[in-house]
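Breakdown of the fold
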Amino acid sequence: MTNDDRDQVVEHVKAAYAEGRLDKDEMDERLHLAMTAQTHADLMPIMTDLYGTRPAYVPRPPVRPAPAYAYGPGAPGVPDGGDRVAGAAAHLLTLAGLFVVGPLLIMATAGRTSPYIRRHAVESLNFHLTVLGGSILLLLTVVGAILLPVIWILGFVLSVVGGVTALTGTDFRYPLTLRLVK
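Residues numbered from 1 in each chain as written. Predicted model: local features only at pLDDT ≥ 70, side-chain atom pairs only at ≥ 80, totals over all residues. Heavy atoms only, no water.

Moving on, we come to the confidence of the model for the protein. Averaged over all residues, the pLDDT of the protein equals 84, while 85% of them reach at least 70. Below a pLDDT of 50 lies the segment residues 68-75, which in the model reaches five contacts outside its immediate sequence neighbourhood of four places, other chains included. (pLDDT = per-residue confidence, 0-100. Contact = heavy atoms within 4.5 Å.)

This is the structure:
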């Protein structure tokens with residue numbers, strides 16, 4: 001069973017509450033049951049309770065986008081503080097000399113538990129692999145030797161921008177990056 005299965009049941013419970021089929025206490029109880037479920041069998045009573053006996057087809061509840069003003073703890077789609085700091089670390093560890101290793105470590109550890117951290121780690125890793133490859137290729141040319149310091153300064157500045165953007169809870173895309181790692 002995946003978190004997506006739990007999230008789907010949670011959406012159904014929220015939709016039933018929004019339609020007035022559940023009161024606040026019932027919704028809280030069912031959300032607790034859904035979030036602590038270990039197997040699909042744990043989720044079935046919640047769905048059966050909402051829709052009766054095993055339905056042939058249960059439509060997904062409508063997805064409402066989060067309002068633009070929804071910020072803060074518990075707001076939908078906004079990562080928590082730990083995720084934001086780890087996302088920023090994926091960008092900023094490169095400034096401490098862990099050029100490719102920093103984002104790779106973040107992706108391999110914290111990136112397994114949070115999609116937000118993984119997105120930032122992968123973006124940082126791809127950018128720094130692109131800069132590394134470009135630096136090696138540019139050293140072979142006269143013009144490249146002149147452009148190399150500009151590229152490294154730009155890489156430094158963009159790493160800081162990426163780190164600050166991760167701290168704000170939004171995604172960041174580096175320009176002119178070969179996205180080798182997905």
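What follows is about the nonpolar core. Soluble, globular proteins show a tendency: their nonpolar side chains are buried together. Within the largest apolar cluster, 15 residues are counted, with the highest numbers of intra-cluster contacts made by Ile-106, Met-107, Ala-121, Phe-127, Leu-158 and Tyr-174. At the level of secondary structure, the elements contributing two or more residues to this core comprise helix 4 (81-92), helix 5 (101-108) and helix 6 (115-138). The leading source of residues in this core is helix 6, at six residues. Residues within four places of Ala-121 in sequence aside, it is in contact with Ala-90, Pro-103, Ile-106 and Met-107. Counting 13 residues, the second largest nonpolar core, distinct from the first, contains Val-10, Leu-22, Leu-31 and Ala-34. (Core = buried A, V, L, I, M, F, W, Y, C linked by side-chain atoms within 4.5 Å. Buried < 20%, exposed > 50% of the residue type's maximum accessible area, 1.4 Å probe, protein only. Helix = DSSP H or I, 4+ residues; strand = E, 2+ residues; numbered from the N terminus.)

This part is about the packing of helix 4 against helix 6. Running from N to C, helix 4 and helix 6 point in directions that differ by 10°, and their axes come no closer than 8 Å. Judged by the inter-axis angle, helix 4 sits roughly parallel to helix 6. Touching Asp-83, Arg-84, Ala-86, Gly-87, Ala-90 and His-91 of helix 4 are Tyr-116, Ile-117, His-120, Ala-121 and Ser-124, all from helix 6. Its residues assigned to classes, the contact of helix 4 with helix 6 shows five nonpolar, four polar and two charged. (Axes fitted to C-alpha atoms, helices over the stretch in contact; angles between N-to-C directions. Parallel < 35°, antiparallel > 145°, perpendicular 65-115°, else oblique. Nonpolar A, V, L, I, M, F, W, Y, C, P; charged D, E, K, R; others polar.)

Tallying each qualifying case throughout the model produces three aromatic pairs. Seen in terms of ring centroids, Phe-127 and Tyr-174 are 4.1 Å apart; in terms of plane orientation they differ by 5°. Their pairing is stacked. Separated by 47 residues along the polypeptide, Phe-127 in helix 6 and Tyr-174 in the segment after helix 7 (142-168) bring together distant segments of the chain. By the burial criterion, Phe-127 is buried, and Tyr-174 matches it. Both rings, one in Phe-172 and one in Tyr-174, keep their centres 4.9 Å apart while their planes meet at 85°; by these two values the pair is edge-to-face. Comparing Phe-172 with Tyr-174, the two get one shared label, buried. Here the aromatic cluster, defined as three or more aromatic residues joined through ring pairs, consists of Phe-127, Phe-172 and Tyr-174. (Phe/Tyr/Trp six-rings, centres within 6.5 Å; stacked < 30°, edge-to-face > 60°.)

This part covers the packing of helix 6 against helix 7. Packed helices, taken two at a time, are described by the angle between their axes plus the distance between the axes. Contact pair helix 6 / helix 7: the axes reach a minimum separation of 10 Å and the direction vectors enclose 175°. In terms of their interaxial angle, helix 6 and helix 7 are classed as roughly antiparallel. Side by side, helix 6 and helix 7 meet where Tyr-116, His-120, Phe-127, His-128, Val-131, Ser-135 and Leu-138 of the first sit next to Gly-144, Ala-145, Leu-148, Ile-151, Trp-152, Gly-155, Leu-158, Ser-159, Thr-165 and Ala-166 of the second. Classifying every residue of the contact of helix 6 with helix 7 by side-chain character gives ten nonpolar, seven polar and no charged.

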